[in-house]
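Notes for the structure review
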Amino acid sequence: MTKSQADNGFRPHSSHWGAFSAGWQDNRLVVKPHPGDPDPNPLLQNFPAALRHPARIARPMVRRGWLERGPGPDGDRVLDLLGDELKRVRDTHGPGAVFGGSYGWASAGRFHHAQSQVHRFLNMALGGYVRSVNSYSAGASGVVLPHVLGPVEQISRRNVTWEQIVDHSEVVIAFGGMALKNSMVGAGGISRHVERGSMRQARARGCRFILVSPLRGDLPEEAGAEWLAPIPGTDTALMLGIAHSLVAAGQHDVAFLERYCVGWEVFEAYLMGRTDGQPKTASWAAGITGIAAEVIDGLARQLAGKRSLVVVAHALQRAEHGEQPVWMGLVLAAMLGQIGLPGGGYNYALGALGHTGRRANVVPSVGLQQGRNTVRDFIPVARIADMLLNPGQAFDYNGERLAYPDIRLVYWGGGNPFHHHQDLNRLRRAFTRVDSLIVHETAWTATARHADIVLPCTMTLERDDFGTMSTDPLMVAMHKIAEPYGEARDDYAIFSALAERLGAGAAFTEGRNAQEWLRHLYSEMRDMLAEKGHAAPDFETFWAQGELMLPTMPDDGGMIRAFRDDPVGAKLPTPSGKIEIFSATIAGFGYDDCPGHPVWRAPVDVPDARHTLRLVANQPATRLHSQLDFGGHSQAEKSRGREVVRIHPRDAAKRGIADGDIVRLFNPRGACLAAASVTDGVMAGVVQLPTGAWYDPEDPAEDMPLCVHGNPNVLTRDVGTSRLAQGCTGQLTTVEVERFDGNLPPIQAYEPPVPATAAE
Ligand SMILES: Nc1nc2c(c(=O)[nH]1)N[C@H]1C(S)=C(S)[C@@H](COP(=O)(O)OP(=O)(O)OC[C@H]3O[C@@H](n4cnc5c(=O)[nH]c(N)nc54)[C@H](O)[C@@H]3O)O[C@H]1N2
Ligand SMILES: Nc1nc2c(c(=O)[nH]1)N[C@H]1C(S)=C(S)[C@@H](COP(=O)(O)OP(=O)(O)OC[C@H]3O[C@@H](n4cnc5c(=O)[nH]c(N)nc54)[C@H](O)[C@@H]3O)O[C@H]1N2
Ligand SMILES: [Mo]
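**Considerations on the domain arrangement of the protein chain**
Considered domain by domain, the protein chain is made up of domain 1 (3-50), domain 2 (61-136 + 374-549), domain 3 (141-358 + 559-589) and domain 4 (613-739). In this structure, domain 2 and domain 4 have C-alpha centres spaced 29 Å apart. In this complex, domain 2 contributes 28 residues to the contact, which on the side of domain 4 involves 32 residues. Buried surface at the junction of domain 2 and domain 4, both sides included, amounts to about 2,400 Å², of which 50% is carbon and sulfur. For the pair domain 2 and domain 4, the number of links is three salt bridges. Across the pair Arg723 and Asp396 runs a salt bridge whose closest N-O atoms are separated by 3.0 Å. At the boundary of domain 2 and domain 4, one finds 19 residue pairs in polar contact (both at pLDDT 80 or more). Looking at the side of domain 2 that touches domain 4 element by element, the count peaks at four residues for helix α20 (residues 424-431). Residue composition of the side of domain 2 that touches domain 4, grouped by class: 13 nonpolar, nine polar and six charged.

This is the structure we're talking about:
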């Protein structure tokens, strides 16, 4: 922040979607992007209306049904009640009956980061909790990539940069695109949005972009991309077709495959049809993908012999057999021989987030120490409903045979499972199986509404913190802009008070208040910088300046470049030390749904006579997930108060749907309303409804209520990607769409629940 902004009463702050300053003008909150940001994110404009919106939670609440089973609370004794419940579960069932997965993005500030707070509290006060592993973002890739190339973070975040694309790439083929809406977001805060400008510059130099996606908007106009729209979920077949064309034309890089990879021969036998009698030719792929064989052949010619870059978006692996396109993209890039060269090769998830394509800071970002978790049980994160519905049941995961624990209490802070999980009607049933669901929230999300105890907490603008992410150099002093809403308290204050009741007060707080923690964490950052020979100002100076520019590493291509330069001295962290086109480890697990090399497996969830369209449920452009859905920008982009579903003119005409009509999307799992936007920016046969509209059941008492607002997770399937990774498959499913001519039910999602359930 510049000094003059601070003088005008504007104070620095940060969010996952951008750095900014905020202040008050005529009693209204005004938010201004950081002056150094060349392409600020419009999501910043969700803040002003959200800050004092009635959807905020003003006071603690306890569900009446829950209370009737126990002693009633009075005054603000909710914490006593909750402390007693935590003691009961700890002492009678042990910490292994507590699920503290608490997945979610929370806020950018690193001290008040809600999951870090929840996990530290559960470790200190209960001795631990059942945790979740991996993410909804990279559920399949996070498991398959370490077997075949390396840790997903290294491959997505320390690899090809936008600088390299500007200077070196000749062809970039982006499976799932690199939508600007997505790269505008980065966990911990992002200060400069460089993607649009980089694509413009690369194109001006002559770089060609190829977009493989159901949506034209998945690359910006600046990229000038050629747009190919295969049937969603068929990218692996398309890549196999390209691979076959390369081999048929003798254009694959045999020297690279020999020197840097293992298992080419096994895979080649499959590719050429020697193992299953089916050569994976361009015309075979055409029959599956809907892309003409000549086009597939042409892609092979365009990519071969050039500085080509293969990008695979997270989205592709958030689907049935999601491991396959991630692995096959790598194999395709290996065949092209550019892996490890500047601007070439393979970059998983480049452009899916603002973390990628940038130089890393010389020091990692700091966070709250988590303490020790004594519980060994865990689940792959997206198996939560399976766990709650089937305690004791066995499941496969990454070569292990595990069993679901028996959970009595679920503790959530900083995430919204009624946003992020699939098949919400099933999730609702799952949550009824636990004794207590405890939620800390800033606003009345569906998760808060389903909780037994809700504790209102401050939102980021209501507390001091600092924001930093390991691939953005700007560390921001996030000044408090407003007083807490109602009785909202910081997660830290709530946990400190609870830890006290559980006899772990001193262990949890280490005697520090929030301000002292900020200083403490900052001093850790300063020490790390000093160790690397970089001076940083003291806390007071940092706070007064409002920001600190951190030093960054050279743009060196990370682990993958090092391996290319020296395959013996800088082996990959795979069992063979090389790229594994065939993985003996994975083959050894014996999973038919994820064998030892990439394969095409037809999905189970495909259109039928009654459900003829594919639904793409992707990330929303108008907010981060479900956060601040009640904010100004998110609301302004809705139509008649509903989330917008995009449908191709041909599909709309067939159903008598006009632009702006309210439609009903349905399948056997559920139904929701949305407002139709008729556009040829989405391929025919596909409708796209982003995630994040707050779940709004017309009649919550029903088993399968209509969501009147447009949350696609009432429609998605709650099944794992495969036995290997058990990742989330929420991106794609099958639906039917019809015009909705009934009376339009009101939106109730943002109205606080009836106060009869108040704790007092
Ligand atoms: N169908 C389908 N589903 C998907 C996806 C998809 O592509 N398709 N994508 C998935 C992906 S990649 C992800 S990452 C997930 C995202 O899922 P989530 O991360 O769960 O979504 P958010 O809306 O960011 O949830 C964060 C919650 O934290 C709250 N919060 C913010 N600050 C604080 C705080 O300081 N304290 C507390 N206690 N709470 C706070 C916010 O109000 C919000 O409710 O969704 C997944 N779900
Ligand atoms: N504005 C905004 N940005 C975000 C987020 C947000 O909520 N809002 N969330 C952030 C998070 S947590 C994550 S993990 C990333 C997610 O990054 P991604 O998962 O990559 O993002 P999505 O928008 O879900 O999907 C990208 C595109 O893939 C395309 N696609 C879907 N299915 C297929 C398919 O089968 N084949 C092909 N070729 N393309 C397909 C869709 O058209 C979609 O727009 O985004 C991040 N960025
Ligand atoms: Mo994500």
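**Quick word on the site of ligand 2**
Taken together, 30 residues lie near ligand 2, and Lys181, Asp218, Gly233, Asp235 and His625 sit nearest. A distance of 2.8 Å is found between a nitrogen atom of ligand 2 and a backbone nitrogen or oxygen belonging to Val212. The backbone of Ala352 places a nitrogen or oxygen atom 3.1 Å from an oxygen atom of ligand 2. Look at ligand 2: alone it shows 910 Å² of surface, and the protein chains cover 98% of it. Secondary structure elements with two or more residues in the shell around ligand 2: α9 (180-183) and α16 (314-317). Among the elements that take part in the shell around ligand 2, α16 stands out by supplying three residues, more than any other. Of the residues assigned to the shell around ligand 2, the class counts are 15 nonpolar, ten polar and five charged. Residue contributions to the shell around ligand 2 reach at least three from each of two domains, namely domain 3 (141-358 + 559-589) and domain 4 (613-739).

**A look at the site of ligand 1**
Near ligand 1 there are 34 residues, and of these His420, Glu441, Asp491, Ser626 and Asn713 occur at the shortest range. Here an oxygen atom of ligand 1 sits 3.5 Å away from a polar atom, N or O, in the main chain of Gly415. At 3.2 Å, a side-chain N or O of Thr442 approaches an oxygen atom of ligand 1. Burial of ligand 1 by the protein chains amounts to 97% of its free accessible area of 930 Å².

**Brief notes about the nonpolar core**
Ranked by internal contacts, the top residues of the largest apolar core, which has 133 residues, are Leu145, Leu149, Phe175, Tyr346, Tyr348, Ile384 and Leu665. Looking at this core element by element, the count peaks at ten residues for helix α17 (residues 323-336). In contact with Leu145, other than residues within four places in its own chain, are Gly150, Val152, Ile155, Val326, Tyr346 and Tyr348. Counting 52 residues, the second largest nonpolar core, distinct from the first, contains Leu86, Ala97, Phe495 and Leu498.

**Side note on empty space enclosed by the protein**
Overall, the coordinates contain five cavities of 30 Å³ or more when judged by the stated rule. Of the volumes computed, that of the second largest cavity is approximately 80 Å³. The wall of the second largest cavity is formed by 13 residues, among which Arg158, Arg358, Arg359, Pro554 and Asp556 lie closest to the centre. Residues belonging to the lining of the second largest cavity are distributed by class as follows: three nonpolar, four polar and six charged.

**Re the sheet that holds strand β17 (residues 436-441)**
Sheet strands associate in pairs through backbone hydrogen bonding, adopting either a parallel or an antiparallel arrangement. The five strands lie next to each other as β4-β18-β17-β16-β5, forming an open sheet whose pairing is mixed. The open sheet has two free edges, formed respectively by β4 (61-62) and β5 (98-99), since each of these has just one partner strand. Where β4 meets strand β18 (residues 453-456), two bridges bridge the pair, whose relative direction is antiparallel. Its bridge partner being in β18, Met61 is matched across the sheet by Val454.

**A few points about the side chain of Arg358**
Assignment of secondary structure puts Arg358 in the loop between β12 (345-348) and β13 (378-380). Classification of Arg358 as buried rests on a relative accessible area of 9%. Among the polar contacts listed, one links the side chain of Arg358 to the backbone oxygen of Arg192, at a separation of 2.9 Å. When sequence neighbours within four positions are dropped, the list of residues in contact with Arg358 reads Arg157, Thr161, Ile190, Arg192, His193, Val194, Glu195 and Thr471.

**Remarks on the environment of Val310**
Residue position: Val310 is located in strand β11 (residues 308-312). Separated by 363 residues in sequence, Val310 and Leu673 have C-alpha atoms that sit 37 Å apart.

**Quick look at the sheet that holds strand β8 (residues 208-212)**
As summarised here, the arrangement of the five strands in space is β9-β8-β7-β11-β12, forming an open sheet in which the pairing is parallel. Each edge of the open sheet carries a strand with a single partner, namely β9 (226-228) and β12. Taking each pair of neighbouring strands and ignoring which way they run, the sheet shows an average axis angle of 15 degrees. The sheet contact formed by β11 and β12 spans four bridges and is parallel. Bridge pairing in β12 links Leu309 to Gly345. Against the sheet, helix α15 (residues 293-303) makes contact with β7 (171-175), β8, β9 and β11, and its axis sits at roughly 135 degrees relative to β7, the strand it touches most. Packing against the sheet, α17 makes contact with β7, β11 and β12, and its axis sits at approximately 175 degrees to β11.

**Quick word on the packing of helix α14 (residues 282-289) against α15**
Close contact between α14 and α15 brings their axes to 8 Å; oriented N to C, the two are set at 120 degrees. Compared by their axis directions, α14 and α15 come out oblique. The two elements α14 and α15 cross, and the hand of that crossing is right-handed. Where α14 approaches α15, its residues Ala282, Ser283, Ala285, Ala286 and Thr289 are matched on the opposing element by Ala293, Ile296 and Asp297. In terms of residue class, the contact of α14 with α15 is made up of five nonpolar, two polar and one charged.

**Comments concerning the pairing of strand β25 (residues 662-667)**
Within β25, five of the six residues are buried, which leaves the element mostly enclosed by the surrounding structure. Where β25 lies against strand β26 (residues 670-678), six bridges are found, and the strand directions are antiparallel. When the sheet's bridge partners are listed, Leu665 is paired in β26 with Cys672. If you look at the hairpin formed by β25 and β26, you'll find two residues sitting between the two strands.

**Quick look at the confidence of the model for the protein chain**
Here the protein chain averages 96 in pLDDT, and 97% of its residues register 70 or above. A low-confidence stretch, residues 71-75 stays under pLDDT 50, and its non-local contacts, those more than four residues away or across chains, total six contacts. The low-confidence segment residues 756-760 (pLDDT under 50) makes eleven contacts with residues lying over four places distant or belonging to another chain.

Reading the values: rules and limits
Residues numbered from 1 in each chain as written. Chains lettered and ligands numbered in written order. Predicted model: local features only at pLDDT ≥ 70, side-chain atom pairs only at ≥ 80, totals over all residues. Heavy atoms only, no water. Domains from an automatic or database assignment. Contact = heavy atoms within 4.5 Å. Buried area = accessible area lost by both parts, 1.4 Å probe. Salt bridge = Lys/Arg side-chain N within 4 Å of Asp/Glu carboxyl O. Polar contact = N/O pair within 3.5 Å; in protein donor to acceptor, adjacent residues only side chain to side chain. Helix = DSSP H or I, 4+ residues; strand = E, 2+ residues; numbered from the N terminus. Nonpolar A, V, L, I, M, F, W, Y, C, P; charged D, E, K, R; others polar. Near = heavy atom within 4 Å. Areas by Shrake-Rupley, 256 points an atom, 1.4 Å probe, with all protein chains shown as cover. Core = buried A, V, L, I, M, F, W, Y, C linked by side-chain atoms within 4.5 Å. Buried < 20%, exposed > 50% of the residue type's maximum accessible area, 1.4 Å probe, protein only. 1 Å grid on protein atoms, 1.4 Å probe; cavity = no way out; pocket = protein on both sides within 12 Å on 5 of 7 lines; lining within 4 Å. Points joined across faces, edges and corners; volume = space filled by probe spheres on them. Pairing = 2+ DSSP bridges. Axes fitted to C-alpha atoms, helices over the stretch in contact; angles between N-to-C directions. Parallel < 35°, antiparallel > 145°, perpendicular 65-115°, else oblique. Left-handed = near helix turned anticlockwise from the far one by under 90°. pLDDT = per-residue confidence, 0-100.

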